[in-house]
Amino acid sequence: MILIPFLILFPLLMAGIMYFIQSSKVRRYVVYVGAGIIACATFALLFWWILQGATTMEFYYETEVADHIILGVELILMCLVTFLSFKYKKGWISVLSIVPTLMLAYFDLFGPQLKTTAHIRLDHLSVLMCLIIGIVGTLICVYAVGYMHGYHQNHTEVEDRRNYFFMLLFLFLGAMYGFVMSESLLWIDLFWEMTSICSFLLIGYTRTEEAINNSFRALWMNLLGGCALAAGIIYFGCTTYNVSLRALVECGRMGFSFAVIPVTLIAFAALTKSAQLPFSTWLIGAMVAPTPSSALLHSATMVKAGIYILFRLAPAMQGNATGTFIAFIGGFTFLITSLMAIAQSDAKKVLAFSTISNLGLMVACAGVGTSTTIWAGIFLMIFHAVSKSLLFQDVGATENAIHSRDIEDMHGLLFRLPVLATIMFIGIAGMFLAPFGMLISKWAALRASVDARQILLVFFIVFGSATTSFYWTKWMGKIISKSHMTGERDRDITKPNERFSLFIHAGLMILLCVLFPLISKLFVEDLLTEMFAVATPVLSQPILYMLVIIICIVFAVPLLSYFFSKNVKTNQKLAYMNGINEGDDSSFVDSLGDPKKLWLSNFYFAEMLGQRKLMIPGQIFSCLVIVIMLCVIIGGVMI
């Protein structure tokens, strides 16, 4: 099937082309054409797969030449990491790349003769991930063309290396396609390392001291996960002479003791990639990167790589110690990072903490490992990918317009930048407001956890969801407030390519909510049948259709109100502010005759819930949980 290697190799070719294009005008059109080709190829793959019966398909059994190429690329990546680590006086980090790479090289060249198995698999979950990459990823590339132009106009101190930036974006797309379609664990390991290194290089794009430190923190944490992944692959390969992900899951599902350790090691690796505690700080530090990389790597796709692997492993973790510990870490991360998000006024940091929090809930769903929790987790992943990409892009466009991403500076944004504020409102509503998709998915996760009798997870979901509502409500209230407004609009400098991506994302968000029942019936239930041989949706079709009707009413009421009230005269009453009102709701004269301005501001509880207060205790506790998990599991296997 030619489309599969094309989707992996064409973005890599585009990355090479991007590096050599210095002209902004030429680069713009090449990005448009390249992104369009990738998106069209993704849809072509979807339609071809449907015409073939939409079943699990496996390809490429004899791949000796490709295996040698992949080993060579891994060695090149190891050399790159080693060079950069010593260049920036962080040589110890290179050990985390050298050791697993050489171990895998020895295993590949001198290890046992492996069974012949497929190297590529196409099924519902891999197709879903391809759609997320092909739609969200390419739209972000289009958005980045306009954003990076404005970014370098506003940040003249940063060297203009847009050719390098777009090279990394396309390189990442190719690596993600390879990652989600690979069946061989050895191939998965290569693409895992590629995504880690792309993230590392993008975080350090500005080459400031903060960016370099944050990029290396992301690198060593992800490489640590890579060490666990490599160890799991070698252990399973030496035990069964097989490196098929499907074989590993099947052995774990059947309860074979030799599968426990590799499943646990790979699940641990997924925790690092999905930024769960104690590894969450790399994602927070990644916010120094330009907004397109935050949207692409750190919310929409890269962090989903860890979730994807955990969903694959879910049947092997159901009802055992590994699944219990993974679910606990995910639930704990969901609650603690939701609390920390309350203390943030930087919009990108709110999005970062919210991302870690929602990833924690997906991790918890995977750890429980039942068809009902995976049903909820799949929808969480879909809605989160679209809404977070939308919000990151909107915050970036807003920052370019008002030169700030502080939520307090977004006061009255609906009246200052109505288009961007409306899109931001849709993104926030999609994240937490009833009856939008993310809230329905959390409700489903809660109900599935109750059915599975996961009492601690129920506690984490209930209080984490309440906390989530708190910080989203603060933000939403800020953008629709009007108290200390001057009445002047800010100049919206959002470029057409940025608007194109934003409008498509907003439309997708609404469309996903409206098509929720159909997506569940026609796609997700078949996905669950592939994984568990049975599909058990948490919410029935009548309930889903009822929620869709409510969503339509949510959008219809304000539109109809606006249409019918355009010619209606209103009798506005001014607020009493303990003085003489100056004719509006923002200025008054107090009892001493002094002019005063009414100013509304959120309270952030920074001294109680800030990152400095909760992050280190959360990391220590989660480290203890992981150590206990490894001791319990390894001890159980040895006994």
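Provided above is the structure to which this section pertains.
Here's what I pulled together on the structure shown here.

The rules we used
- Residues numbered from 1 in each chain as written.
- Predicted model: local features only at pLDDT ≥ 70, side-chain atom pairs only at ≥ 80, totals over all residues.
- Heavy atoms only, no water.
- Helix = DSSP H or I, 4+ residues; strand = E, 2+ residues; numbered from the N terminus.
- Rg over C-alpha atoms; globule rule 2.2 N^0.38 Å.
- Buried < 20%, exposed > 50% of the residue type's maximum accessible area, 1.4 Å probe, protein only.
- Contact = heavy atoms within 4.5 Å.
- Areas by Shrake-Rupley, 256 points an atom, 1.4 Å probe, with all protein chains shown as cover.
- Phe/Tyr/Trp six-rings, centres within 6.5 Å; stacked < 30°, edge-to-face > 60°.
- Axes fitted to C-alpha atoms, helices over the stretch in contact; angles between N-to-C directions.
- Parallel < 35°, antiparallel > 145°, perpendicular 65-115°, else oblique.
- Left-handed = near helix turned anticlockwise from the far one by under 90°.
- Nonpolar A, V, L, I, M, F, W, Y, C, P; charged D, E, K, R; others polar.
- 1 Å grid on protein atoms, 1.4 Å probe; cavity = no way out; pocket = protein on both sides within 12 Å on 5 of 7 lines; lining within 4 Å.
- Points joined across faces, edges and corners; volume = space filled by probe spheres on them.
- Polar contact = N/O pair within 3.5 Å; in protein donor to acceptor, adjacent residues only side chain to side chain.
- Pairing = 2+ DSSP bridges.
- Expected span 1.5 Å × (residues − 1).
- Salt bridge = Lys/Arg side-chain N within 4 Å of Asp/Glu carboxyl O.
- Patch = residues over 30% accessible without salt bridge, like charges linked within 9 Å, V, L, I, M, F, W, Y side chains within 5 Å.
- Core = buried A, V, L, I, M, F, W, Y, C linked by side-chain atoms within 4.5 Å.

1. A closer look at the overall build of the chain
Move 1: What the chain contains, in helices and strands, is 25 helices and 5 strands.
Move 2: Relative to the globule expectation of 26 Å for 639 residues, the C-alpha radius of gyration of the chain, 25 Å, shows essentially globular dimensions.
Move 3: The burial tally for the chain puts 60% of its 639 residues in the buried class.
Move 4: Sequence-distant contacts, at least 24 apart, represent 81% of the contacts inside the chain between residues at least 6 apart.
Move 5: Carbon and sulfur atoms make up 67% of the accessible area of the chain, which amounts to about 25,300 Å² in all.

2. Here we look at the packing of aromatic side chains
Move 1: Counting across every chain of the model gives 33 aromatic pairs.
Move 2: On the basis of an interplanar angle of 90 degrees and a centroid distance of 6.1 Å, the ring pair of Tyr 29 and Tyr 32 is categorised as edge-to-face. One end of the pair, Tyr 29, and the other, Tyr 32, are both in helix H2 (residues 24-51), 3 residues apart, so they sit about a helical turn from each other.
Move 3: Put simply, the rings of Phe 328, Phe 332, Phe 459, Phe 460, Phe 463 and Phe 621 touch in pairs and so form one group of aromatic residues.

3. A short note on the packing of helix H3 (residues 64-87) against helix H4 (residues 92-110)
Move 1: Interhelical geometry of H3 versus H4 gives an angle of 160 degrees and a closest axis separation of 9 Å. It follows from the interaxial angle that H3 and H4 lie roughly antiparallel. The interaxial crossing formed by H3 with H4 has left-handed handedness. Residue-level inspection shows Asp 67, Leu 71, Glu 74, Leu 75, Met 78, Val 81, Thr 82, Ser 85 and Phe 86 of H3 in contact with H4, the latter providing Ile 93, Ser 94, Ser 97, Ile 98, Thr 101, Leu 102, Leu 104, Ala 105, Asp 108 and Leu 109.
Move 2: Looking at the contact of H3 with H4 residue by residue, the classes come out as 11 nonpolar, 5 polar and 3 charged.

4. Here's the deal with the layout of surface pockets
Empty space among the atoms can be located by rolling a probe the size of a water molecule over them.
Move 1: Roughly 990 Å³ of internal volume is contained in the largest pocket.
Move 2: Lining the largest pocket are 38 residues, and of these Leu 12, Val 73, Leu 77, Leu 171 and Met 194 sit closest to its centre.
Move 3: Secondary-structure elements contributing two or more residues to the lining of the largest pocket are helix H1 (3-20), H3, helix H6 (162-181), helix H7 (185-203) and helix H8 (209-240).
Move 4: Here the lining of the largest pocket gets 10 residues from one element, more than from any other, and that element is H3.

5. Remarks on the side chain of Asn 242
Move 1: With respect to the helices and strands, Asn 242 occurs in the loop between H8 and helix H9 (245-253).
Move 2: Classification of Asn 242 by relative accessible area gives buried; the value is 9%.
Move 3: In this structure the side chain of Asn 242 is engaged in a polar contact, spanning 2.9 Å, whose partner is the backbone nitrogen of Ser 244.
Move 4: Sequence-distant contacts of Asn 242, that is, excluding residues within four places in its chain, are made with Leu 114, Lys 115, Thr 117, Phe 236, Gly 237 and Ala 247.

6. Some thoughts on the side chain of Ser 182
Move 1: Relative to the elements of secondary structure, Ser 182 occurs in the loop between H6 and H7.
Move 2: Polar side-chain contacts of Ser 182 include one of 2.5 Å to the backbone oxygen of Gly 178.
Move 3: When sequence neighbours within four positions are dropped, the list of residues in contact with Ser 182 reads His 119, Ile 120, Trp 187, Ile 188 and Phe 191.

7. Regarding unusual backbone geometry
Move 1: In the segment running from Leu 277 into Pro 278, the intervening peptide bond is cis, with an omega of 10 degrees.
Move 2: One can find Pro 278 in the loop between helix H10 (260-273) and helix H11 (281-285).
Move 3: Positive phi outside glycine occurs at Tyr 60, with the angle close to 60 degrees.
Move 4: If you trace the backbone, Tyr 60 turns up in the loop between strand E1 (57-59) and H3.
Move 5: Positioned with a positive phi, Lys 89 is a non-glycine residue whose angle comes to about 60 degrees.
Move 6: Residue position: Lys 89 is located in the loop between H3 and H4.

8. Here we look at the environment of Gly 367
Move 1: Mapped onto the elements of the fold, Gly 367 is located in helix H15 (residues 347-368).
Move 2: The sequence separation of Gly 367 and Ile 120 amounts to 247 residues, and the corresponding C-alpha distance is 25 Å.
Move 3: In this view, Gly 367 contacts Met 317, Gly 323, Thr 324, Ile 326 and Ala 327; residues no more than four positions away in its chain are not counted.

9. A look at the sheet that holds strand E3 (residues 580-581)
Move 1: Reading across the sheet, the 3 strands line up as E3-E4-E5 and stay open at both edges, with antiparallel pairing between neighbours. The sheet is open, and its two borders are formed by E3 and strand E5 (595-597), each paired with just one other strand.

10. Digging into helix H14 (residues 321-342)
Think of an α-helix as 3.6 residues a turn; residues three or four steps apart then line up on the same face.
Move 1: Between its first and last C-alpha atoms H14 spans 32 Å; for 22 residues at 1.5 Å apiece the expected length is 32 Å, and the two agree.
Move 2: Burial within H14 is extensive, with 19 of its 22 residues counted as buried.
Move 3: Where H14 starts, the residue carrying a side-chain oxygen 3.3 Å from the main-chain nitrogen of Thr 322 turns out to be Asn 320.

11. A short note on H4
Move 1: End to end, H4 covers 27 Å across 19 residues, agreeing with the expected 27 Å (1.5 Å per residue, within 8%).
Move 2: Of the residues making up H4, those classed as buried are Ile 93, Ser 94, Leu 96, Ser 97, Pro 100, Thr 101, Leu 104, Ala 105 and Phe 107.

12. A short note on the pattern of salt bridges
Move 1: Evaluated as defined, the whole model comprises 12 salt bridges.
Move 2: Its salt-bridge partner being Arg 312, residue Asp 123 comes within 2.7 Å of it at the nearest N-O pair. With Asp 123 in the loop between strand E2 (120-122) and helix H5 (124-154) and Arg 312 in helix H13 (residues 302-317), the pair connects residues that are 189 residues apart, well separated along the chain.
Move 3: By relative accessible area, which is 8% here, Arg 312 ends up buried.
Move 4: The residue Glu 250 makes a salt bridge to Arg 253 at a minimum N-O spacing of 2.5 Å. Here the residue Glu 250 and the residue Arg 253 both occupy positions in helix H9, the gap between them amounting to 3 residues, near one helical turn.

13. Some remarks on a nonpolar patch on the surface
Move 1: Among the surface-exposed residues, Leu 511, Leu 515, Leu 518, Leu 522 and Tyr 545 lie close enough to one another that they form a single nonpolar patch of about 470 Å² accessible area.
Move 2: Here Leu 518 is to be found in helix H22 (residues 516-532).

14. Considerations on the packing of H10 against H13
Move 1: One can describe the packing of H10 onto H13 by two numbers: an axis separation of 8 Å at closest approach and a directional angle of 155 degrees. Our classification of the angle between H10 and H13 gives roughly antiparallel. Note on packing geometry: the crossing formed by H10 with H13 is left-handed. On H13, the residues that touch Val 263, Ile 266, Ala 267, Ala 270 and Lys 273 of H10 are Met 302, Val 303, Ala 305, Gly 306, Ile 309, Leu 310, Leu 313, Ala 316 and Met 317.
Move 2: Residues that form the contact of H10 with H13 fall into these classes: 12 nonpolar, 1 polar and 1 charged.

15. Overview of the nonpolar core
Move 1: Counting 217 residues, the largest nonpolar core has Met 181, Trp 375, Ile 378, Met 381 and Trp 475 as the members making the most contacts within it.
Move 2: The leading source of residues in this core is helix H16 (residues 371-402), at 18 residues.

16. Looking at the environment of Gly 225
Move 1: With respect to the helices and strands, the residue Gly 225 is situated in helix H8.
Move 2: When the C-alpha positions of Gly 225 and Gln 318 are compared, they lie 22 Å apart, and in sequence the two are 93 residues distant.
Move 3: Apart from residues lying up to four places away in sequence, Gly 225 is in contact with Trp 192, Ala 269 and Thr 272.

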